[in-house]
Amino acid sequence: MNPQALIVDDEPDILELLTMTLLSMSIDCVPAENLAQAEQALKQQSFDLCLTDMRLPDGNGLDFVQALQRQYPDLPVAVITAHGNMDLAVQALKSGAFDFVSKPLKLRVLRDLVATALKLSPMQSVRNERRSRYKLLGETDIIKTLRGKITKLARSQAPVYISGESGTGKELVAKLIHELGARSKHAFVPINCGAIPSELVESELFGHKKGAFTGAIADKQGLFQIANGGTLFLDEVADLPLMMQVKLLRAIQEKAIRPVGSHEEINVDVRILSATHKNLAEGVKQGTFREDLFYRLHVIELVVPPLRERQADILLLAKHILHHVAKKNSIIAPKLSEQAVMALNAYGFPGNVRELENILERALTWAEGTIITQQDLMLPVQLNPTLVVNNALAQISLSVENDLESKLEEQERKLITQALELTRWNKTAAAKRLGITFRALRYKLKKLNLE
């Protein structure tokens, strides 16, 4: 049986064009010229997809979208908006619309939208809820709520802005949204916008043609092309240069890119997810981030909580991290002593989950036997004794922790190298001289790239 689509539009020409386009994709269509006809059709049969105009003779398309979300939450609804009416499209996405398409209709964009929508199934939400639990660990209410939002957003194509402090797992959240959605069989492409030199950002995003600039010895695909059909995750998007913000906005709106040095545009079908630990709205006020791009990316905001707000999850996360690191290094996962557990629960974790990973990885190196003690954790002195600290202190603490981590590694590398040289690289003898186990030395050599 062919998929069934409900098409709602009061313009006969648009209705005919939509019907013919979907029929060419082997999709059966039920046309409706107004909301009354649409509601009658919904009572008579079930549908796999709904396309609706936003302005109808007997009602508001936005109200219709909201009603469909309440009554038929598994039905993907895409809205048709007038050209340039982005505000209305954003409202529809926030109300639960799967996606939108603007008039005049681009058939390529319409076909991509429909094909993506039909990959969703009514049972997908249930399966996604189960899958997300094993990827985003935690049993606190705040993390359960986050998993529920991720599951819902995975069924949409709306741009999502993921906010949260450094180390909270924003990229993990973005990847989950991709993996649980209709684009999961295509690429998930992350890019750290702050890690690319400003003069290379355009080439990285859009690609370039051979000879476009010095060093361009061959054609190169950009990340938009690599992510075609999938998801592009723009991490630290606040660090994009202003000129690139203009070009990014156009690429998102037109769903097309132009490689550096090319005279032709390339069509791309990409879902955009973005994140930053900075205050993007403050960037708009200060003039460092374009307001129009902000509203295009900030359709739906998803906040990833800091670890200190989900303290009850710390032990669960710690056990998972230790098991993962131990498995990676082919050793038996050690256990945490009671004092170590108490110390972790009392610590504020300004660096969040990433800091927890670093602390446990370091502790695993220095621990003797199968028990990690409080001393093995080497927790830094906190700048604030309370668990709940403000963002400013959290960032200062994170900077101190990163600096300490770097200096510790430098000192460890120096001591280990000296011990190995004195023992003519006899690892057993070097470990004895250092006062650590052979296992700890082997792990440290691998981590410090001294093998």
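Note that residues are indexed from 1 along each chain, following the sequence as it is written. Reporting in this predicted model follows two pLDDT cut-offs: at least 70 for local features of residues, and 80 or more for side-chain atom pairs to be given and counted; totals over whole chains, interfaces and linings ignore these cut-offs and use all residues. Remark: hydrogens and water are excluded; side-chain values derive from all non-hydrogen atoms of the structure.

Peer 1: Quick question: what am I supposed to make of the overall build of the protein chain here?
Peer 2: Helix and strand labels come from DSSP, where a helix needs a run of H or I of at least four residues and a strand needs a run of E of at least two; each type is numbered from the N terminus. For the protein chain, the helix and strand inventory stands at 20 helices and 18 strands. In terms of overall dimensions, the protein chain has C-alpha extents of about 85 × 55 × 45 Å along its principal axes. Note on exposure labels: buried denotes an accessible area under 20% of the residue type's maximum, exposed denotes more than 50%, and partly exposed covers the range between, all computed with a 1.4 Å probe on protein chains only. A buried classification covers 50% of the 451 residues belonging to the protein chain. In the protein chain, once contacts between residues fewer than 6 apart in sequence are set aside, the share between residues at least 24 apart is 71%. Accessibility throughout is a Shrake-Rupley quantity obtained with a 1.4 Å probe, and a residue counts as covered only by protein chains that appear here. Accessible area for the protein chain stands at about 22400 Å²; split by element, carbon and sulfur atoms hold 53% of it. All tallies of charge rest on Lys and Arg as positive and Asp and Glu as negative; His and the ends of each chain are not included. Charged side chains are reduced to one point each, which is NZ for Lys, CZ for Arg, CG for Asp and CD for Glu. Charge-centre separation for the protein chain: the mean point of 55 positive side chains lies 8 Å from the mean point of 53 negative side chains. In this description, contact between two residues means that some pair of their heavy atoms is separated by no more than 4.5 Å.

Peer 1: I keep staring at helix α15 (residues 338-346) and nothing clicks. Help me out?
Peer 2: Turning to α15, its buried residues number three or more, namely Ala340, Val341, Ala343 and Leu344. Mapping the buried residues of α15 onto a view down its axis gives an arc of 160°, with all of them on the same face. Projecting away from the buried face of α15 at angles above 90 degrees are the exposed residues Glu338 and Met342. Packed against the buried residues of α15 are α14 (314-328), β17 (335-336), α16 (352-366), β18 (371-372) and α17 (374-377). The arc in question is the one traced by the directions running from the helix axis out to the C-beta atoms.

Peer 1: What is the right way to look at the environment of Thr116 in this model?
Peer 2: Following the sequence through the fold, Thr116 ends up in helix α5 (residues 107-117). The sequence separation of Thr116 and Pro31 amounts to 85 residues, and the corresponding C-alpha distance is 21 Å.

Peer 1: How do you make sense of helix α7 (residues 141-154) when you look at a structure like this?
Peer 2: Since the α-helix turns once every 3.6 residues, residues separated by three or four places project in the same direction. In a helix, the anticipated span is given by 1.5 Å times the number of residues less one. For α7, with 14 residues, the first-to-last C-alpha span of 20 Å sits near the 20 Å given by 1.5 Å per residue. Ile143, Leu146, Arg147, Ile150, Thr151, Leu153 and Ala154 are the residues of α7 that are buried. Across the axial projection of α7, the buried residues extend over an arc of 165°, all falling on one side. Across from the buried face of α7, at angles greater than 90 degrees, the exposed residues are Asp141 and Lys152.

Peer 1: Teacher, can you tell me more about the pattern of salt bridges here?
Peer 2: Oppositely charged side chains may form a pair once their charged atoms are brought near each other. One side-chain nitrogen of Lys or Arg within 4 Å of one carboxyl oxygen of Asp or Glu is enough to make a salt bridge. For the structure on display, the rule yields 15 salt bridges. For Lys278, the salt bridge identified is with Asp239, shortest N-O distance 2.6 Å. Of this pair, Lys278 sits in the loop between β15 (271-276) and α12 (280-286) while Asp239 sits in the loop between β12 (231-235) and α11 (242-254), and the two are 39 residues apart along the sequence. With relative accessibility at 40%, the residue Lys278 sits in the partly exposed group. Residue classification places Asp239 among the partly exposed positions, given a relative accessible area of 31%. A salt bridge links Asp313 to Arg310; its shortest N-O distance comes to 3.2 Å.

Peer 1: Can you help me understand the environment of Ala227 in this one?
Peer 2: For Ala227, the location among the structural elements is in the loop between α10 (223-226) and β12. Ala227 gets classed as buried once you look at its relative accessible area, which sits at 0%. If sequence neighbours within four positions are ignored, Ala227 has contacts with Ala187, Val189, Leu232, Asp269 and Val270.

Peer 1: Help me understand empty space enclosed by the protein in this model?
Peer 2: By rolling a water-sized probe across the atoms, one finds the places where empty space is left. Using only the protein atoms, space was sampled on a 1 Å grid; points where a 1.4 Å probe fits but cannot get out form cavities, open sets with protein on both sides within 12 Å along at least five of seven lines form pockets, and lining residues are those with an atom within 4 Å of a point. Grid points are joined across faces, edges and corners, and a volume is the space filled by probe spheres set on the points. Throughout the structure, instances matching the rule amount to six cavities of 30 Å³ or more. The computed volume of the largest cavity comes to approximately 210 Å³. Lining the largest cavity are 15 residues, with Gln157, Lys255, Val270, Arg271 and Arg296 sitting closest to its centre. Secondary structure elements with two or more residues in the lining of the largest cavity: β7 (99-102), α11 and β15. Nonpolar residues are Ala, Val, Leu, Ile, Met, Phe, Trp, Tyr, Cys and Pro. Charged residues are Asp, Glu, Lys and Arg, and all others, Gly as well, are polar. Considered class by class, the residues forming the lining of the largest cavity number eight nonpolar, one polar and six charged.

Peer 1: Help me understand the confidence of the model for the protein chain in this model?
Peer 2: Chain-level statistics for the protein chain give a pLDDT mean of 87 and a share of 91% at 70 or above. pLDDT measures how confident the predictor is about each residue, on a scale from 0 to 100. This stretch, residues 383-392, has a pLDDT under 50; its non-local contacts, to residues over four places away or in other chains, come to 16 contacts.

Peer 1: I'm lost on the sheet that holds strand β6 (residues 77-81) in this one. Help?
Peer 2: The strands making up a sheet associate through backbone hydrogen bonding, with each pair oriented either parallel or antiparallel. When DSSP finds two or more bridges between a pair of strands, those strands are recorded as paired. Spatial ordering of the open sheet is given by β2-β1-β3-β6-β7, a layout of five strands whose pairing is parallel. Of all the strands in the sheet, the pair left with one neighbour each is β2 (28-32) and β7. Strand-to-strand twist of the sheet, defined as the mean angle between neighbouring strand axes without regard to direction, takes the value 20°. Here four bridges tie β6 to β7, and the two strands are oriented parallel to one another. For Ile80, the partnering residue across the bridge sits in β7 and is Val101. Fitted lines through C-alpha atoms give the axes, limited to the stretch in contact for helices. The angle between two N-to-C directions lies from 0 to 180 degrees.

Peer 1: Explain the side chain of Arg308 to me, please; I cannot follow it from the model alone.
Peer 2: In this structure, Arg308 sits in the loop between β16 (300-303) and α14. Take Arg308: its relative accessible area is 11%, and that puts it in the buried class. Each polar contact in these results corresponds to two N or O atoms within 3.5 Å; when the atoms are within protein, one needs to be able to donate a hydrogen and the other to accept it, and residues that are neighboring in sequence are counted only if both atoms are side-chain atoms. At 2.5 Å, the side chain of Arg308 forms a polar contact with the side chain of Glu165.

Peer 1: Looking at this structure, I do not really get the pairing of β12. What am I missing?
Peer 2: Successive residues of a regular strand alternate their side chains across the two faces of the sheet. For β12, the buried fraction is high: five of the five residues fall into the buried class. Alternating residues of β12 divide into Thr231, Phe233 and Asp235 and Leu232 and Leu234, and every residue in both groups is buried. Bridge count between strand β9 (residues 188-192) and β12: five bridges; the pairing is parallel. Directly across from Pro190, in β12, lies its bridge partner Phe233. In this sheet, β15 lies alongside β12 in parallel orientation, the contact comprising five bridges. What sits directly across from Asp235, in β15, is Ala275.

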